[in-house]
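# Descriptive structure summary
The chain contents come next:
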Amino acid sequence: MRLESPKRVAIFVFYDNDGIVDRCVEVFLKGLNLHLQRLVIVVNGEIDFQARALLSQYTNEIIIRKNEGFDVWGWKTGIDYLGRDAIREYDELILVNDTMFGPFYPLSELFDSMSPKGFDFWGITAYPEDRELYSFAAKNPYKYVPTHIQSYFTVFCKTLLISEDFYRY
């Protein structure tokens, strides 16, 4: 017997220097949207008419903003747009950007394997510890790049969505 799927909302941050949405973005959004109740797209920069029409196939919630603050500020824009009360109605918040490629297999396999594990958050890839990457090391207390979950696809679960600490962070 299959358990009921978690109620999910996603904030997808998009940027293209020419304001064009490539086919790979369309393929990804089509695959992701099968697992969502709500999708907000935040565009960092400008998009052309065709790009807006394509993105509008997946949601009518498209926010166009200046390309400032990279993905993190785009996700913050989406979180502020949705509001804490609305986000707390979901079981999972997915923060994802347009560097995602695929899916090469159904995302249901990913969600089915990860969602029941009881994590507060998870991502699909981890960056291994790197003691040679000094350009970033000077800006963190470790003086090297520790192993970390990469930010381009992260899922925050209910335990964090109801926490004030999450929104302060």
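Since we're looking at a predicted model, the values are computed, not measured.

Counting its regular elements, the protein contains eight helices and eight strands. Taking 2.2 N^0.38 as the reference for a compact globule, 169 residues should give roughly 15 Å; the C-alpha atoms of the protein span a radius of gyration of 17 Å, in line with that estimate. C-alpha extents for the protein along the principal axes are approximately 45 × 45 × 35 Å. Per-residue burial for the protein yields a buried fraction of 43% across its 169 residues. Taking the contacts inside the protein whose residues are at least 6 apart along the sequence as the reference set, 68% of them involve residues at least 24 apart.

For a regular strand, side chains alternate in direction, first toward one face of the sheet and then toward the other. The buried count for strand β1 (residues 8-14) comes to seven of seven residues, which makes it a mostly enclosed element. Inspection of the sheet shows β1 paired to strand β4 (residues 92-97) by six bridges, in the parallel sense. Looking at β4, one finds that Phe-12 is bridged to Val-96. Two elements, β1 and strand β2 (residues 38-44), share six bridges in a ladder whose sense is parallel. For Ile-11, the partnering residue across the bridge sits in β2 and is Val-40.

Our focus in this paragraph is the pattern of salt bridges. Following the criterion strictly, the structure yields eight salt bridges and no others. For Glu-61, the salt bridge goes to Arg-38, with nearest N and O atoms at 2.6 Å. Pair noted here: Glu-61 is in the loop between α2 (49-55) and β3 (62-65) and Arg-38 is in strand β2, with a separation of 23 residues, a long-range link. For Glu-61, a relative accessible area of 13% gives the class buried. Given a relative accessible area of 23%, Arg-38 falls into the partly exposed group. One network of salt bridges, with partners in common, ties together Arg-84, Asp-85, Arg-88 and Glu-164.

Enumeration according to the criterion identifies seven aromatic pairs in this entry. Seen in terms of ring centroids, Phe-166 and Tyr-167 are 5.0 Å apart; in terms of plane orientation they differ by 85°. Their pairing is edge-to-face. With a relative accessible area of 11%, Phe-166 lands in the buried category. One aromatic cluster is present, built from ring pairs that chain together Phe-121, Phe-156, Phe-166 and Tyr-167. The side chain of Arg-8 reaches across the aromatic face of Phe-111, ending 4.0 Å from its centre. Across the ring face of Trp-73, the terminal group of Lys-76 is positioned such that the distance to the ring centre comes to 5.4 Å.

On to the nonpolar core, then. Within soluble globular proteins, side chains that are nonpolar tend to cluster in buried spots. Among the nonpolar cores identified, the biggest contains 30 residues, and Phe-12, Leu-29, Leu-32, Leu-55, Ile-94 and Phe-153 are the most heavily contacted of them. Of all elements in the fold, only β1, α1 (23-33), β2, α2, β4, α5 (107-114) and β8 (153-157) reach the threshold of two or more residues within this core. When sequence neighbours within four positions are dropped, the list of residues in contact with Ile-94 reads Arg-8, Val-9, Ala-10, Ile-11, Leu-32, Leu-36, Phe-111, Phe-153, Thr-154 and Val-155. Ile-79, Leu-82, Leu-93 and Leu-161 belong to the second largest nonpolar core, which has 17 residues in total.

Rules and cut-offs
- Residues numbered from 1 in each chain as written.
- Predicted model: local features only at pLDDT ≥ 70, side-chain atom pairs only at ≥ 80, totals over all residues.
- Heavy atoms only, no water.
- Helix = DSSP H or I, 4+ residues; strand = E, 2+ residues; numbered from the N terminus.
- Rg over C-alpha atoms; globule rule 2.2 N^0.38 Å.
- Buried < 20%, exposed > 50% of the residue type's maximum accessible area, 1.4 Å probe, protein only.
- Contact = heavy atoms within 4.5 Å.
- Pairing = 2+ DSSP bridges.
- Salt bridge = Lys/Arg side-chain N within 4 Å of Asp/Glu carboxyl O.
- Phe/Tyr/Trp six-rings, centres within 6.5 Å; stacked < 30°, edge-to-face > 60°.
- Lys NZ or Arg CZ within 6 Å of the ring centre and 35° of its normal.
- Core = buried A, V, L, I, M, F, W, Y, C linked by side-chain atoms within 4.5 Å.

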